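# Inside the fold
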Amino acid sequence: MREVEEIAKNSNGKVIIYIDKNESDEIGSFLKIRSNFETYVLFRQQVFENRRNKEIYKKEKISTKCNNLYALRFDSGKNQNDRIYCLEFHDGKRRIVLSKLYFGKKSQKINKKLKSGLKPICNREYKFLP
């Protein structure tokens, strides 16, 4: 069971964003870059309003067993193409966990190498405090 740290929640507490504690240093440093932080803020505003811009936050279909994987997509215009892969959990609340940072995705498709790297993320279990 992995631990999470809450980093944001909407005003009614129905949508909560967390960061995987094991990945927090790497993801936190990445989000401190201004253009990345701006993308994160836009993502946060949209999920809090129950909207989704597929250019920024998109469901990733890698297998039928992994149906709660999403990609937070970063592209600063320099073909950066980095991703933070997120898991979503629904238990009366929408819980989004920033789970894994991936640098420099090369194509729109998910190749076999990336898919094999993402499958273990889908099996992660998190402990949420009430």
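Residues numbered from 1 in each chain as written. Predicted model: local features only at pLDDT ≥ 70, side-chain atom pairs only at ≥ 80, totals over all residues. Heavy atoms only, no water.

## Some points on the packing of aromatic side chains
Taken as a whole, this structure holds ten aromatic pairs when the rule is applied. Look at Tyr18 and Phe128: their rings are 4.9 Å apart centre to centre, the planes differ by 55°, and that puts the pair in the tilted class. Here Tyr18 is found in strand β2 (residues 15-20), whereas its partner Phe128 is found in the segment after β7 (126-127), with 110 residues between them in sequence. On the basis of relative accessibility, which here comes to 22%, the residue Phe128 falls in the partly exposed class. Here the aromatic rings of Phe30 and Phe74 are separated by 4.9 Å at their centres, their planes lie at 90°, and the arrangement is edge-to-face. Of this pair, Phe30 sits in helix α1 (residues 24-31) while Phe74 sits in strand β4 (residues 69-74), and the two are 44 residues apart along the sequence. A single burial state applies to Phe30 and to Phe74, both of which are buried. Of the aromatic side chains, those joined through ring pairs into one cluster are Phe37, Tyr40, Phe43, Tyr57 and Tyr70. (Phe/Tyr/Trp six-rings, centres within 6.5 Å; stacked < 30°, edge-to-face > 60°. Helix = DSSP H or I, 4+ residues; strand = E, 2+ residues; numbered from the N terminus. Buried < 20%, exposed > 50% of the residue type's maximum accessible area, 1.4 Å probe, protein only.)

## So, the sheet that holds β2
Spatial strand order, β3-β4-β5-β6-β2-β1-β7: seven strands in an open sheet with mixed pairing. Looking at which strands have only one partner, the edges of the open sheet turn out to be β3 (57-59) and β7. Sheet topology note: the β4/strand β5 (residues 82-90) ladder contains six bridges and is antiparallel. By the bridge assignment for β5, Leu69 is matched with Leu87. Helix-sheet contacts for α1 involve β2, β4, β5 and β6 (94-102), and the interaxial angle to β6 is about 85°. Along the sheet, helix α3 (residues 112-122) contacts β4, β5 and β6; its crossing angle with β5, the most-contacted strand, is approximately 30°. (Pairing = 2+ DSSP bridges. Contact = heavy atoms within 4.5 Å. Axes fitted to C-alpha atoms, helices over the stretch in contact; angles between N-to-C directions.)

## Observations regarding helix α2 (residues 34-48)
Helix length check: α2 (15 residues) gives 21 Å between terminal C-alpha atoms against 21 Å at 1.5 Å per residue, within 8%. At its buried positions, α2 is contacted by β1 (2-9), β2, α1, β3, β4 and β6. Count one or two residues on from α2 and you reach Asn50, which has phi positive near 60°. (Expected span 1.5 Å × (residues − 1).)

## Quick word on the confidence of the model for the protein chain
Summary statistics for the protein chain give a mean pLDDT of 90 and a share of 94% for residues scoring 70 or more. Looking across the protein chain, the model is least confident in α3, with a mean pLDDT of 88, and most confident in β2, with 97. (pLDDT = per-residue confidence, 0-100.)

## What to know about the nonpolar core
In this structure, Tyr40, Phe43, Leu72, Ile84 and Leu98 are the most contacted members of the largest nonpolar core, which totals 21 residues. Of the residues forming this core, the biggest block, four residues, is contributed by α2. If sequence neighbours within four positions are ignored, Leu98 has contacts with Ile7, Ile17, Tyr18, Ile19, Asp20, Ile27, Leu31, Tyr40, Leu72, Ile84, Tyr85 and Cys86. Among the nonpolar cores identified, the runner-up in size contains 16 residues, and Ala71, Val97, Leu114 and Cys122 belong to it. (Core = buried A, V, L, I, M, F, W, Y, C linked by side-chain atoms within 4.5 Å.)

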